[in-house]
Every structure is written in structure tokens, then in C-alpha cells.
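Coordinates in review
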Amino acid sequence: MPTRRAFLSSLGRPAAAAGVLTAVPVRWDRAMTAAREIARTPGTPEELAADEEFWVEIQQAFTTDRSLVNLNNGGVSPTPAHVLEAMKRDLDFANQIPVYNGWQILEPQREGVRQRLARQWDVHPEEVAITRNASESLQILQFGHELEAGDEVLTSTQDYPRMVTTFDQRVRREGIVLTRIRLPVPAEDPAEVVRLYEDAITPRTRLILMCHMINLTGQILPVRQVVEMARGHGIPVIVDGAHALAHFDFTIAELGCDNYSTSLHKWLFAPIGNGLLYVRRDLIPEIWPLMAAAESRDDDIRKYEEIGTHPEANFLAIGEALTFHQLIGGARKEARLVYLRNYWAEKLLELDGVRLHTSLKPGFAAGIANVQIEGVETGPLRNWLWSEHRIFTVAINHDEFNGLRISPSVYTTIEELDRFVDAMTHAARHGIPA
Ligand SMILES: Cc1ncc(COP(=O)(O)O)c(C=O)c1O
């Protein structure tokens, strides 16, 4: 008969597994029911996208607050209950004796998470660092490239403010030059987007920063083509994929990019405080880490993970979130998110004065869209939806456009979208109180 230790070892998580056996994760049963439902439901992702019975089990894996309607899942996502349980289990376990359970048992298991993330997005594990968010991944790249006074960095007026602030600090500190181009809203011609970046390149351009998906509108940009064009000029592109990974279906490999940065607490539904940094293997020695690492680690992707003492539990919970993502399936998830977007957007577009700042054409956006009611101010509309209807949205007031950013998720119900559509219909027809 195997000893308890041997049995636990066979599960692959010797001591932490003790926690696994005693705590049955809340709603894990719902995730399992969803898995069975998925396994026996035939159909293309598009057919399944409209099958409410199929999605009801996925919805139940989240313990979200149903007294309100959360249409800001782009900001950060709730994590499914069983993923949170996995994290809590490891936090408890590490706390028993952090120097042993945390450092010696849990920390090495990060390698398994690295391997799984790499496998999922078709890159090599030695090219994947686990970070705390997209900001950290991006700042590693933004500060890690050496630049001299007068060197130029090219980005757009729609790139994420924190990433612009990061380069602005280098402008103030080191005298680099930041150039920002305007992109069409929406941008439905990839060749035009590539041309706009290329036209702004000068002999001093050293780096380009671009979004894979713009947070303001959900616009998907042609990363592969921009990277190819820039490579022709010898210019690396920093790709901000904060919103893209696990939202729509692609692999990092197919982008052909030198690096990729994303948050995993947005569309992978991992617990808050998780991100990924991909750096092509041969480029790792060239890019400095944000926190110092030993010279012996110069060509090791783990140099980007030298952050000092930290909890390992949230990093390991990425594995649980990834399994949930695989259970849904990347293509099915994208199709459902597009279906939910079209559900509300097509209804609202029938109303006078409603405009979308997001393309509904395939490939140019997915679950996020930006909607404006002409004649109704966006900020007050956002406040009215919240105070009167308990519907949470984001007001985007950009110099070039404004509107509400709407981002439902796989746990969003049709009834919740109907409530949003009804409220917006009222606002479009009658306005909102001053
Ligand atoms: C385009 C973009 N880049 C970077 C970030 C930073 O992500 P995080 O706050 O998770 O670090 C965000 C966050 O919303 C974003 O939308």
C-alpha cells in the first residue's frame, strides 16, 4: 500500500497536495459540470456562442455579484471561484512555514506554469517570464532597451497612459524623444495602419510601442505586419497585449514579434497580480531587467522575475485559470465574447444618435466596444447608468472621440445585457436627467 507521502507525490504536489485533498474548491463542481457540458455539445464556436444552456455552467463558475451588472471586465476580471480557492489553498500552505513550503515546494512549481503558458501560446518556456501585470512586463522592455538623448520612440495617441508615462519619464530623465501618431477610429485598413507607423519613422527612431488591442475601443491592430515593417528598418516593436491574450484566439508565435506583454488577470481570469512577458530567446541578453539580476543570468528569462520575496500562490493559480480557459476553448471564448458584443451593439445601433467607435467587422475587435449616444455626455451617462441602474461601465473621454467602453465577459448573462440595452434606449430617446 502506498504511503500517504508517496500518494501525494504521485499527484505532483507533495506537500501542498495535503491542502488539495482537504479543501474541495467552491464551485469546482460547476466547472466540472461545464467541462462535461462542453465535451458533449457539438457545434462550431459560432453555433455554441448562441447556446445559452452551454454558457450557463460557465457563468456559474464565477461567484460574481449579480445585484449589479459589471460591464467593465476589461479593467480587471473576477477570477472563477475554484481558481481563487487554489490560490487561497497555496497561501495557507505557504504560511505554515514559508521558508520551506513557500520557497522549496511552491516556488519550483512555477516552472510547470511557465511550461504550460509557453505551450498554450506556442513559444519556448525559456522565453516566458511570469510577472505581476502587463505594466511590469512592458516597463521591463521600456526601461530595458538602452536609449540615448535624442533617440526617438514612436507610439500612438491611443496607447495606454501608464506606458506613455513610462517613456515620458525617460524624456525628462534622459532626453529621449517621444512621437505619437494618430490612428483612425475605428481602423479597418491594416495597410493604412502600417503606413502610418512607417511614415513616422526617422533616422533616430529606435523603438516602437504599439497595442495589440487598444483598451479604449477594443480595436485590434495588425501587430504582425507592423513588426515585419519595423524589422525592415531595424526597429524593435514593444507589443502591448494587455487585453488581447486569452481574449481572442491567436498564438504569440504567429505574430512573429520580438516580445509580448500581457496581464493574466484580465482575459485569462487568473487572480489579480499576474502577467506574462515573452522575449525572443536571442534578445534576452540585450534587454536589462527592471530589478537587478546576477550577470550569470544575463541570458536567462528568469532574470525578469527577480522581484525579491513575494507570494507564489497567485502565480501558481495561473495554472488553474489556464485549465479553465482550455476547458472553454480559445475559439469558443472569442466567439461568445463577439456574440455578446454584437447582441447589445446591434440593438443599440438601431437607435437614432448611437455611434460605435469600434468596428464590428471580423478581426478588428472582439468582446470590447465603445459606444456613444450623440447629444448625451459620456461622463454623466456613465454615472446615471451606475446610480440609476447599477450598471458598471467606463467613460472614455479621449481628445479624438468619446464614449462608453463596454466589456461583458463569459459570465455575463443575456438578461444583464438586456438591462443595459433598455437603459441606453431610454437615454437615447429621452436623454438623462441634468
Ligand atoms: C493597453 C493596456 N496596456 C497596459 C495595461 C496595464 O495593465 P495592468 O494594469 O494589468 O498592468 C492596461 C490596463 O488596462 C491596458 O489597457
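So, here is what we can say about the structure in this document. All residue numbers here refer to positions counted from 1 along the written sequence of the relevant chain. Where totals are concerned, whole chains, interfaces and linings use all residues; where local detail is concerned, this predicted model gives features only for residues with pLDDT of at least 70, and gives and counts side-chain atom pairs only at 80 or more. The side-chain values count all of the structure's non-hydrogen atoms but skip hydrogen atoms and water molecules.

**Notes on the nonpolar core**
Condition: Buried Ala, Val, Leu, Ile, Met, Phe, Trp, Tyr and Cys residues form a nonpolar core when they are joined through side-chain atoms within 4.5 Å. For the exposure calls, accessible area comes from a 1.4 Å probe over protein chains only, and a residue counts as buried if that area is under 20% of its type's maximum, exposed if over 50%, partly exposed in between. A run of H or I in DSSP counts as a helix once it spans at least four residues, and a run of E counts as a strand once it spans at least two, with each numbered from the N terminus. Whether two residues touch is decided by their heavy atoms; if any such pair falls within 4.5 Å, the residues are in contact.
Counting 81 residues, the largest nonpolar core has Ile58, Leu117, Tyr197, Ile252, Tyr260 and Leu268 as its most contacted members. Take this core: its biggest share by element is 10 residues, from helix H14 (residues 313-328). When neighbours within four sequence positions are excluded, leucine 268 is seen to be in contact with Leu117, Trp121, Leu245, Ala246, Ile318, Ala321, Leu322, His325 and Lys333. Leu71, Leu356, Val376 and Leu385 belong to the second largest nonpolar core, which has 27 residues in total.

**Looking at unusual backbone geometry**
With the exception of glycine, the majority of residues adopt a negative phi angle, and the majority of peptide bonds are in the trans configuration. Across the junction of valine 185 and proline 186, the peptide omega takes the value -10°, indicating a cis bond. Residue placement: proline 186 occurs in the loop between strand E4 (177-181) and helix H11 (190-199). Notably, phenylalanine 269 is not glycine yet its phi reads approximately 70°, a positive angle. On the basis of relative accessibility, which here comes to 1%, the residue phenylalanine 269 falls in the buried class. Positive phi values are uncommon outside glycine, yet arginine 390 reaches one of about 55°.

**A look at the site of the ligand**
Where we set the bar: Here a residue is near a molecule or strand as soon as one of its heavy atoms is found within 4 Å of it. We define a polar contact as two N or O atoms separated by no more than 3.5 Å, with the added condition that, inside protein, one atom must be a possible hydrogen donor and the other a possible acceptor, whereas residues neighbouring each other in sequence contribute only through side-chain atom pairs. Residue-level accessible areas treat just the shown protein chains as cover; the underlying method is Shrake-Rupley with a 1.4 Å probe. Side-chain classes are defined by residue name, with Ala, Val, Leu, Ile, Met, Phe, Trp, Tyr, Cys and Pro counting as nonpolar, Asp, Glu, Lys and Arg as charged, and the others, Gly among them, as polar.
The full set close to the ligand counts 13 residues, and Ser135, Asp240, Ser263, His265 and Lys266 are the nearest of them. Taking alanine 134, its main chain carries an N or O atom lying 3.4 Å from an oxygen atom of the ligand. Note that an oxygen atom of the ligand is positioned 2.6 Å from one of the side-chain N or O atoms of serine 263. Out of a free accessible area of 390 Å², the ligand has 91% covered by protein chains. Considered class by class, the residues forming the shell around the ligand number 4 nonpolar, 6 polar and 3 charged.

**A closer look at the side chain of aspartate 240**
Cut-off, in case you're wondering: Positive residues here are Lys and Arg, negative ones are Asp and Glu, while His and the chain termini are left out of the count. In the sections that follow, a salt bridge refers to a side-chain nitrogen of Lys or Arg positioned within 4 Å of a carboxyl oxygen of Asp or Glu.
Along the chain, the position of aspartate 240 falls in strand E6 (residues 237-240). Summary of buried charges: aspartate 240 has no salt-bridge partner, and the nearest side chain of opposite charge, lysine 266, is 8.4 Å away. Sequence-distant contacts of aspartate 240, that is, excluding residues within four places in its chain, are made with Leu138, Tyr160, Met163, Leu209, Met210, Cys211, His212, Met213 and Ser261.

**Looking at the packing of aromatic side chains**
For any pair of aromatic rings, the description consists of the separation of the ring centres together with the inter-plane angle of the planes. The condition is simple: Centres within 6.5 Å make a pair out of two Phe, Tyr or Trp rings, where for Trp the six-membered ring is used; the pair is then stacked when the planes are under 30 degrees apart, edge-to-face when over 60, and tilted otherwise. Our definition puts a charge over a ring when NZ of Lys or CZ of Arg is within 6 Å of the ring centre and also within 35 degrees of the ring normal.
Scanning all chains against the criterion turns up 10 aromatic pairs. Taken together, a centroid distance of 4.9 Å and an interplanar angle of 40° make the contact between phenylalanine 62 and tyrosine 411 tilted. Note that phenylalanine 62 is positioned in the loop between helix H5 (52-60) and strand E1 (69-70) and tyrosine 411 in the loop between strand E13 (402-406) and helix H17 (414-430), a separation of 349 residues in sequence. With respect to class, phenylalanine 62 is no different from tyrosine 411; both count as buried. Pairing phenylalanine 248 with phenylalanine 250 gives two aromatic rings, centres 5.0 Å apart and planes at 40°, and the pair type is tilted. For the pair shown, phenylalanine 248 and phenylalanine 250 are each scored as buried. Pairwise contacts between aromatic rings join Phe62, Phe269, Phe324 and Tyr411 into one cluster. Seen from the ring of phenylalanine 269, lysine 333 lies directly overhead, with NZ or CZ sitting 4.1 Å from the centre. The ring of tyrosine 343 has lysine 347 lying over it, and the distance from NZ or CZ to the ring centre is 3.8 Å.

**Regarding helix H9 (residues 134-144)**
Burial runs high along H9: 10 of the 11 residues are buried. In this fold, the buried residues of H9 make contact with strand E2 (128-131), helix H10 (161-174), strand E5 (205-211), E6, strand E7 (259-263) and strand E8 (275-279). At the N-terminal end of H9, a side-chain oxygen is found 3.2 Å from the backbone nitrogen of serine 135, two or three residues along, and the residue is asparagine 133.

**Description of the pairing of E4**
Quick reminder of the rule: Strands qualify as paired when DSSP identifies two bridges or more between them. Throughout, right-handed denotes a crossover for which the path from the first strand over the helix to the second runs clockwise when the strands point away from the viewer.
Where strand E3 (residues 152-156) lies against E4, 5 bridges are found, and the strand directions are parallel. Note on E4: the bridge partner recorded for valine 153 is leucine 178. On the question of chirality, the crossover connecting E3 to the parallel E4 by way of H10 is right-handed.

**Digging into the packing of helix H8 (residues 110-120) against H14**
When two helices pack together, their arrangement is given by the angle between their axes and by how far apart the axes lie. To keep it simple, the criterion reads: Note on definitions: angles span 0 to 180 degrees between N-to-C directions of axes, and those axes are lines fitted to C-alpha atoms, for helices only across the stretch in contact. Two helices that cross are described as forming a left-handed crossing if the nearer one is turned anticlockwise from the farther one by less than a right angle, and a right-handed crossing if clockwise.
With their axes 8 Å apart at the nearest point, H8 and H14 run at an angle of 35° to one another. As for the relative orientation of H8 and H14, their crossing is left-handed in sense. Contacts from Arg110, Val113, Arg116, Leu117 and Gln120 of H8 reach H14 at Phe315, Leu316, Ile318, Gly319, Leu322, Thr323, His325 and Gln326. For the contact of H8 with H14, the residue count by class is 6 nonpolar, 5 polar and 2 charged.

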